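Structural overview for review
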Amino acid sequence: MREVLTVSSRGQVTLPAGMRKHLGIKPGGAVIVEECGGELRLKPAAVLELEHYTDAQIADWDRADALTADERRRILERLQNT
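Our subject in this report is the structure included herewith.

What counts, and where the lines are drawn
Residues numbered from 1 in each chain as written. Predicted model: local features only at pLDDT ≥ 70, side-chain atom pairs only at ≥ 80, totals over all residues. Heavy atoms only, no water. Pairing = 2+ DSSP bridges. Helix = DSSP H or I, 4+ residues; strand = E, 2+ residues; numbered from the N terminus. Phe/Tyr/Trp six-rings, centres within 6.5 Å; stacked < 30°, edge-to-face > 60°. Buried < 20%, exposed > 50% of the residue type's maximum accessible area, 1.4 Å probe, protein only.

1. A look at the pairing of strand S2 (residues 39–44)
Summarising the sheet, strand S1 (residues 31–36) and S2 pair through six bridges and their orientation is antiparallel. Among the inter-strand pairings, cysteine 36 is bridged to a residue of S2, identified as glutamate 39. The turn joining S1 and S2, which pair antiparallel and follow one another in sequence, is formed by two residues; a positive phi near 60 degrees is taken by glycine 37.

Following this line, the structure appears as structure tokens:
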């Protein structure tokens with residue numbers, strides 16, 4: 001699919017509705033633009049939300065996941081017997 005787009009005075013282009021639909025680009029969606037050998041390439045972008053954890057939260061999880069000495073011994077015994 002090829003289209004000729006016009007660049008506005010603000011440097012904006014409008015992607016044709018058919019292309020947006022075909023590529024699954026929704027209003028507010030992100031695209032990646034890259035220059036490659038004198039050409040511009042547009043690709044749909046996947047945006048993932050990242051959650052940030054504090055050191056205290058991570059320490060709490062580490063404590064909750066810690067093995068007792070007895071649990072560690074039993075696991076090691078099972079591994080040695082396999």
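2. A word on the packing of aromatic side chains
Enumeration according to the criterion identifies one aromatic pair in this entry. A centroid spacing of 4.7 Å and a plane angle of 75 degrees characterise the contact between tyrosine 53 and tryptophan 61, whose relative ring orientation is edge-to-face. Residue tyrosine 53 is classed as partly exposed on the basis of its relative accessible area of 41%.

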